[in-house]
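Here's the letter readout for the chains.
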Amino acid sequence: MKISVSILNSKDRKEDIIALNKTEISYFHIDVMDGNFVSQKAFSSDEIVKLSTISEKPLDIHLMVDNPLLYIEALKNIPNIENITIHFEIDKDINSILTRIKELGFKRGLSIKPNTKIEDIIPYIDNVDLILLMTVEPGLGGQKILPQSKERLLKLKNLVENRNITIEVDGGINNETIKDISQADIFVVGSYITQSQNPIEKIKTLLV
Ligand code: DX5
Ligand code: ZN
């Protein structure tokens with residue numbers, strides 16, 4: 001299992017990255033929000049460039065935006081980005097955006113919101129490396145995991161069986177809720193780690 005730490009709710013993002021660089025986590029998860037796809041705004045490209053220079057872990061970019069290409073072109077020269085994930089629910093040509101992400105050398109991620117039908121992503125599964133299953137409504141850190149998450153994860157696992165696709169889950173994950181969704185490959189964890197007095201201890205409770 002891999003942990004991707006969301007720094008959205010960090011009190012001091014820079015300080016948290018420096019402290020967590022030396023831990024067993026696999027990625028820093030960056031939640032990019034445009035104020036349209038979700039009503040909040042977070043992380044400008046300049047801010048991501050700055051944070052990327054202090055991160056010793058690869059970056060896992062989650063684009064909660066209506067126009068991902070704008071952001072993808074702005075981020076394309078950041079060397080330590082590994083995954084770029086866009087949302088299924090946007091009104092754009094998803095396959096051409098996924099192809100562009102691959103062309104730039106990043107892993108192609110597709111995310112689905114809690115009320116999107118799992119089967120709806122079938123037209124794209126030959127053009128993705130990763131599927132990000134939202135286990136809360138996108139927009140805010142610190143929410144409670146939604147009860148349908150376990151069932152949806154199992155459905156998604158079935159759908160991608162025998163394909164080389166990484167499954168990532170995002171939202172409301174802590175040392176208890178992780179047990180129900182343990183079949184995923186990457187776990188995005190924000191508040192449970194970044195709101196704690198002792199983030200390094202919290203990471204250990206997830207990795208047992
Ligand atoms: C929600 C974001 C998540 C969130 C996770 O829109 O995509 O990545 O920051 O944070 P927690 O773990 O606090 O739910
Ligand atoms: Zn996220």
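Everything discussed here concerns the structure shown above.
Residue numbering note: each chain is counted from 1, following its sequence as written. Chains and ligands are labelled by the order in which they are written, letters from A for the one and numbers from 1 for the other. At least 70 in pLDDT is required for a residue's local features to be given in this predicted model, at least 80 for side-chain atom pairs to be given and counted, and no such filter applies to totals for whole chains, interfaces and linings, which use all residues. The basis for the side-chain values is all heavy atoms of the structure; hydrogens and waters are excluded.

(A) Spotlight on the packing of aromatic side chains. Aromatic pairs are defined between Phe, Tyr and Trp rings, using the six-membered ring for Trp, whenever the two ring centres lie within 6.5 Å; interplanar angles under 30 degrees are classed as stacked, those over 60 as edge-to-face, and all others as tilted. Scanning all chains against the criterion turns up one aromatic pair. Taking 6.1 Å as the distance between ring centres and 65° as the angle between the ring planes, the aromatic pair formed by F88 and Y124 counts as edge-to-face. One end of the pair, F88, is in the loop between β5 (81–87) and α4 (94–103); the other, Y124, is in the loop between β6 (107–112) and β7 (130–134), with 36 residues separating them in the sequence. Summarising the burial analysis for this pair, F88 and Y124 share the class buried. For the cation-ring pair, K113 lies above F37, with the distance from its terminal atom to the ring centre recorded as 5.3 Å. The helix and strand labels rest on DSSP assignments: H or I over at least four residues marks a helix, E over at least two residues marks a strand, and numbering proceeds from the N terminus. Burial classification: accessible surface area is computed with a 1.4 Å probe over protein chains only, and a residue below 20% of its type maximum counts as buried, one above 50% as exposed, and the rest as partly exposed. As a reminder, the over-ring test applies to NZ of lysine and CZ of arginine, requiring each to be within 6 Å of the ring centre and within 35 degrees of the ring normal.

(B) Layout of the pattern of salt bridges. Here, a salt bridge means any Lys or Arg side-chain nitrogen found within 4 Å of an Asp or Glu carboxyl oxygen. Considering all chains together, one arrives at 11 salt bridges under this definition. One salt bridge in this structure joins K179 and E176, with 3.1 Å as the shortest N-O distance. We classify K179 as exposed; its relative accessible area is 53%. The class of E176 is partly exposed, set by a relative accessible area of 49%. Through salt bridges that share partners, E73, K76, R100 and E103 make up one connected network.

(C) Layout of the nonpolar core. The biggest cluster of nonpolar side chains holds 60 residues, and the ones touching the most others in it are F43, I48, I61, I86, F187 and I193. The residues touching F187, leaving out its near neighbours within four places in the chain, are M1, K2, I3, S4, V169, I173, I178, I181 and S182. Think of a nonpolar core as a cluster: buried Ala, Val, Leu, Ile, Met, Phe, Trp, Tyr and Cys residues, connected wherever their side-chain atoms sit within 4.5 Å. Membership of the second largest hydrophobic core comes to six residues, among which are Y27, L130, M134 and I186. Contacts: residue pairs with any heavy atoms within 4.5 Å of one another.

(D) Summary view of unusual backbone geometry. Of note in this structure, F43 is not a glycine but carries a positive phi near 60°. Checked against the element boundaries, F43 lands in the loop between β3 (41–42) and α2 (45–54). For N162, which is not a glycine, the phi torsion comes out positive at approximately 65°. Of the residues examined, N162 reaches a relative accessible area of 81% and is grouped as exposed.

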